[in-house]
Amino acid sequence: MRQDNVPPFTRPDGSMATSSEDKAALLAELFARKMQVDDPYRPPPILPRESDHTITSVSVTAAQVEKVLRDVDAGKATGPDNIIPRVLRNCAKELSEPLANIFSACLEEKWPAAWKEVNVVPVHKKRLQD
């Protein structure tokens, strides 16, 4: 059985959450409260213009995409797409053209809903030993 290295959490009522399930539920409640928006239909604030220049178009080239893919850290974990970073880096040349086309289409039209999803996973790090 796996040992739980996360210390107990204190609940708002003062009681302690000691089991993994209780701690996970407490973290989920905390994150849910922090991520709520009071008025989701409220328009964004109007910010002062910082420049007189306006971006009218954005282009994405295969060369730009290939450079970014070649710079991917192969030691990192997979993302929500489950693609291993090493595959992205090693196949940068082959993937750069189709990905540049997809990115360009997204900038001209609309982002796919799946690209707006995120998985947030809290990771407990061991304390440094003195």
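Residues numbered from 1 in each chain as written. Predicted model: local features only at pLDDT ≥ 70, side-chain atom pairs only at ≥ 80, totals over all residues. Heavy atoms only, no water.

**Student:** If you had to explain the side chain of Glu66 to someone new, which residues and values would you point to?
**Tutor:** The residue Glu66 is located in helix α2 (residues 62-70) in this model. Since its relative accessible area comes to 18%, Glu66 is described here as buried. In this view, Glu66 contacts Ala92, Lys93 and Ser96; residues no more than four positions away in its chain are not counted. (Helix = DSSP H or I, 4+ residues; strand = E, 2+ residues; numbered from the N terminus. Buried < 20%, exposed > 50% of the residue type's maximum accessible area, 1.4 Å probe, protein only. Contact = heavy atoms within 4.5 Å.)

**Student:** Which residues make up the environment of Ile83, and what values go with them?
**Tutor:** For Ile83, the position within the fold is in the loop between α2 and α3 (85-90). The class for Ile83 is partly exposed, based on a relative accessible area of 36%.

**Student:** Outline the confidence of the model for the protein chain, listing residues and values.
**Tutor:** Looking at the protein chain as a whole, the pLDDT averages 85, with 94% of positions reaching at least 70. Here helix α1 (residues 20-34) stands out as the element of the protein chain with the lowest mean pLDDT, 88, in contrast to α2, whose mean of 97 is the highest. (pLDDT = per-residue confidence, 0-100.)

**Student:** Break down the pattern of salt bridges for me, with residues and values.
**Tutor:** Scanning all chains against the criterion turns up 3 salt bridges. One salt bridge in this structure joins Asp71 and Lys67, with 3.0 Å as the shortest N-O distance. We note that Asp71, like Lys67, is exposed. (Salt bridge = Lys/Arg side-chain N within 4 Å of Asp/Glu carboxyl O.)

**Student:** A description of the environment of Glu109 should follow, citing residues and the corresponding values.
**Tutor:** Mapping Glu109 onto the fold places it in the segment after α4 (92-108). Expressed as a C-alpha distance, the spacing of Glu109 and Tyr41, which sit 68 residues apart in the sequence, is 23 Å.

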